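The primary structure of each chain is shown beneath.
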Amino acid sequence: MRNEGTTMKDSNCIFCKLANGEIPTTTVYEDDDFRVILDANPATRGHALILPKEHCANIYEISEELAAKAMKLAKKLVTEFTEKLGCDGYNIVQNNGEAAGQTVFHFHMHLIPRYKDDGAAFGWHMSELTDDQKVELLEILK
Ligand code: 5GP
Ligand code: ZN
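Reading the values: rules and limits
Residues numbered from 1 in each chain as written. Chains lettered and ligands numbered in written order. Predicted model: local features only at pLDDT ≥ 70, side-chain atom pairs only at ≥ 80, totals over all residues. Heavy atoms only, no water. Helix = DSSP H or I, 4+ residues; strand = E, 2+ residues; numbered from the N terminus. Buried < 20%, exposed > 50% of the residue type's maximum accessible area, 1.4 Å probe, protein only. Contact = heavy atoms within 4.5 Å. Core = buried A, V, L, I, M, F, W, Y, C linked by side-chain atoms within 4.5 Å. Pairing = 2+ DSSP bridges. Donors = N, O, S within 2.8 Å, 3.2 Å for Na, K, Ca; no water. Tetrahedral: all angles 85-135°; square planar, octahedral: opposite > 155°, others 65-115°. Near = heavy atom within 4 Å. Polar contact = N/O pair within 3.5 Å; in protein donor to acceptor, adjacent residues only side chain to side chain. Areas by Shrake-Rupley, 256 points an atom, 1.4 Å probe, with all protein chains shown as cover. Nonpolar A, V, L, I, M, F, W, Y, C, P; charged D, E, K, R; others polar. pLDDT = per-residue confidence, 0-100.

K.L.:
Before we go on, may I ask you to explain the overall build of the protein chain in this structure?
P.N.:
When helices and strands are tallied, the protein chain shows 3 helices and 5 strands. Reading the helices (α) and strands (β) of the protein chain from amino to carboxyl end gives α-β-β-β-α-β-β-α. When its C-alpha atoms are laid out on the principal axes, the protein chain stretches across 55 × 40 × 25 Å. Buried residues in the protein chain amount to 35% of all 142 residues. A separation of at least 24 residues holds for 52% of the contacts in the protein chain among residues at least 6 apart in sequence.

K.L.:
Quick question: what am I supposed to make of the nonpolar core here?
P.N.:
Here is a general trend for soluble globular proteins: nonpolar side chains tend to be buried in one another's company. Core analysis: the largest hydrophobic core is formed by 19 residues, its most contacted members being Ile50 and Leu111. Listing elements by their share of this core, those giving two or more residues are strand E2 (34-38), strand E3 (48-52), helix H2 (64-85) and strand E5 (109-114). No other element matches the 7 residues that H2 contributes to this core. Core analysis: the second largest hydrophobic core is formed by 9 residues, Cys13, Phe15, Leu18 and Val104 among them.

K.L.:
So what exactly am I meant to see when it comes to the pairing of E3 here?
P.N.:
One face of the sheet, then the other: side chains in a regular strand alternate in exactly this way. The buried fraction of E3 is high, at 5 of 5 residues. Here E2 runs beside E3; their pairing, made up of 5 bridges, is antiparallel. Bridge pairing in E3 links Leu38 to Ala48.

K.L.:
For this particular structure, what's the right way to read the coordination of the zinc ion (ligand 2)?
P.N.:
Six octahedral donors around a metal ideally make angles of 90 or 180 degrees; four tetrahedral donors ideally make 109.5 degrees. The coordination sphere of the zinc ion (ligand 2), as far as protein atoms go, consists of Cys13 (SG), Cys16 (SG), His55 (ND1) and His106 (ND1), spread over 2.0 to 2.3 Å. Viewed at the metal, the 4 donor atoms of the zinc ion (ligand 2) are separated by angles of 104 to 116 degrees, and the geometry they form is tetrahedral. Donor residues binding the zinc ion (ligand 2) come from one chain and are separated in sequence as C-x2-C-x38-H-x50-H. Residue Cys16 is found in helix H1 (residues 14-19), and its partner His106 is found in the loop between strand E4 (89-93) and E5; the two are separated by 90 residues along the sequence.

K.L.:
Looking at this model, I keep getting lost on the site of ligand 1. Mind explaining?
P.N.:
Of all residues adjacent to ligand 1, which total 15 residues, the nearest are Asp39, Asn41, Thr103, His108 and His110. Residue Ala40 places a main-chain N or O atom 3.2 Å away from a nitrogen atom belonging to ligand 1. Within the backbone of Val104, a nitrogen or oxygen atom sits 3.0 Å from an oxygen atom of ligand 1. The fraction of the free accessible surface of ligand 1 (520 Å²) that becomes covered by protein chains is 78%. For the shell around ligand 1, the secondary structure elements donating two or more residues are H1 and E2. A breakdown of the residues in the shell around ligand 1 according to their chemical character gives 7 nonpolar, 7 polar and 1 charged.

K.L.:
What exactly am I supposed to notice about the side chain of Thr44 here?
P.N.:
Positionally, Thr44 belongs in the loop between E2 and E3. Among the polar contacts listed, one links the side chain of Thr44 to the backbone oxygen of Pro113, at a separation of 2.6 Å. If we ignore the near neighbours within four places in the chain, the residues touching Thr44 are Ile112, Pro113, Arg114, Tyr115, Asp118 and Ala120.

K.L.:
Quick question: what am I supposed to make of unusual backbone geometry here?
P.N.:
It is generally the case that most residues other than glycine have a negative phi and that most peptide bonds are trans. Here Asp117, not a glycine, exhibits a phi torsion of approximately 60 degrees, which is positive. Within the secondary structure, Asp117 is located in the loop between E5 and helix H3 (131-141).

K.L.:
What is the right way to look at the confidence of the model for the protein chain in this model?
P.N.:
As a note on interpretation, predicted positions should not be read in detail where pLDDT is low. For the protein chain, per-residue confidence averages 94 on the pLDDT scale, and 95% of positions sit at 70 or higher. Contacts from residues 1-6, a stretch scored under 50 in pLDDT, to residues over four places away or in other chains number 8 contacts.

Below you can see the structure in the form of structure tokens.
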């Protein structure tokens, strides 16, 4: 579906509605391509989401150009927000697919401020890369 000039929106997508101002949001930044809102269920104080105004489900669908703009914006906002919030670090999280924890299928980047000893828990169990896996994965990936 094409509407509002060049902006592609999916009428069934909640983040399209949030990004394009059809539903009120706590907006902390907006430009022609993106709206940045506070996450409704923050992992930490100041947890925000970068939402493209154009609908794309995930990293597989987003254009290289828009993905590059999103990362550039993440850098700018993380730099500014670190100063404003007085946080000690930042996680940038971007989930693709249900198996990876994506629950809303409109590309978004989580900007999660981190505070020393904030107790926010996300991550993974670290295993050991074996020699067999090295050989196998080099054959597949390189
Ligand atoms: P995902 O798991 O897909 O990477 O992240 C989806 C995020 O969107 C979650 O952190 C969730 O709290 C947030 N979210 C879902 N629906 C809404 C909403 O209607 N408004 C806002 N502000 N955040 C939402
Ligand atoms: Zn959408």
